[in-house]
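# Coordinates in review
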Amino acid sequence: LVDANFGQHRRDVEIADALRVAMIRSKTFSRIRMNWAKNSSRHTTKIAALLGEASEPMVALQSLDDEVLAKVKRGNIKIESLRVLQDHFEKEGRETQTDVLVGLPGESLSSHFKTLRGVFDHGFMGINLNQIRMLPGTEMEMDDTRAKFGLLTKHRMVSDTWGIYDKTLVVETEESCVGSDDMSFDDMMYL
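Rules of the game
Residues numbered from 1 in each chain as written. Predicted model: local features only at pLDDT ≥ 70, side-chain atom pairs only at ≥ 80, totals over all residues. Heavy atoms only, no water. Core = buried A, V, L, I, M, F, W, Y, C linked by side-chain atoms within 4.5 Å. Buried < 20%, exposed > 50% of the residue type's maximum accessible area, 1.4 Å probe, protein only. Helix = DSSP H or I, 4+ residues; strand = E, 2+ residues; numbered from the N terminus. Contact = heavy atoms within 4.5 Å. Patch = residues over 30% accessible without salt bridge, like charges linked within 9 Å, V, L, I, M, F, W, Y side chains within 5 Å. Areas by Shrake-Rupley, 256 points an atom, 1.4 Å probe, with all protein chains shown as cover. Salt bridge = Lys/Arg side-chain N within 4 Å of Asp/Glu carboxyl O. Polar contact = N/O pair within 3.5 Å; in protein donor to acceptor, adjacent residues only side chain to side chain.

Another aspect to go through is the nonpolar core. Ranked by size, the top nonpolar core spans 23 residues in total, and within it Ile47, Leu51, Val59 and Leu61 carry the most contacts. For this core, the elements supplying multiple residues, two or more each, are helix H1 (10-25), helix H2 (44-51), helix H4 (79-91) and helix H5 (109-121). In terms of residue count, the dominant contributor to this core is H1 (4 residues). Discounting residues that sit within four places of it in the chain, isoleucine 47 has contacts with Phe6, Gly7, Asp12, Val13, Ala16 and Trp36. Of all hydrophobic cores here, the second largest spans 10 residues; its members include Val68, Leu101, Leu104 and Ile132.

Structure representation (structure tokens):
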């Protein structure tokens, strides 16, 4: 699903229920990948129950460094809400996953490792480490943001996005952050 915060709205519970019905009717539809709501747990437990094993619950933390989050105007779920979610899913025997972004402005190799330690301490069973993608139209992609944080970027092929069409090889690429004033290119490659 392409919604960047699935589970934030009541309608998302209805969508999850429709997806569950579609999976029951289908012989091949069995997994759903989505970007779960970052700062809301109100509908997350209902959606996770509806989808069952078709999708692992996700709580995206991105970074546990408050200074890093402030620089990029992001926030995490409140720790108490995180504990409630973790306890709920643990009682159900479900594993939770989290997303951690690598190379956010203000993040050093040291602060990144502190975030990873914190993620383990919170009991997540799966960690998705993602480089910053320079999505067109976002604040991170703007020239002044790039200059302000000394962002170094490179282009790379997006996984599973190539094909041969009319005898022409077509490859989709994305621009990703591979360094900043706070994390060198060598540190990024080390990670």
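On to a nonpolar patch on the surface. The grouping of Met157, Trp162, Ile164, Leu169 and Val171 at the surface amounts to a nonpolar patch, some 540 Å² of accessible area in total. Among the secondary structure elements, those contributing two or more residues to the nonpolar patch are strand S3 (152-165) and strand S4 (168-179). Top contributing element to the nonpolar patch by residue count: S3, with 3 residues. Mapped onto the fold, leucine 169 is located in strand S4.

This next bit is on the pattern of salt bridges. Counted under the stated rule, the structure contains 10 salt bridges. Residues aspartate 12 and arginine 11 are paired through a salt bridge, measuring 2.9 Å at the closest nitrogen-oxygen approach. You can call aspartate 12 buried: its relative accessible area is 0%. Arginine 11 sits in the partly exposed class, given a relative accessible area of 43%. Each member of the salt-bridge network shares a partner with another, and the members are Arg133, Arg156 and Glu174.

Note that glutamate 175 resides in strand S4. There is a polar contact of 2.6 Å between the side chain of glutamate 175 and the side chain of threonine 153. Among all residues touching glutamate 175, those that are not within four sequence positions of it are Ile132, Arg133, Met134, Arg146, Thr153, Lys154 and His155.

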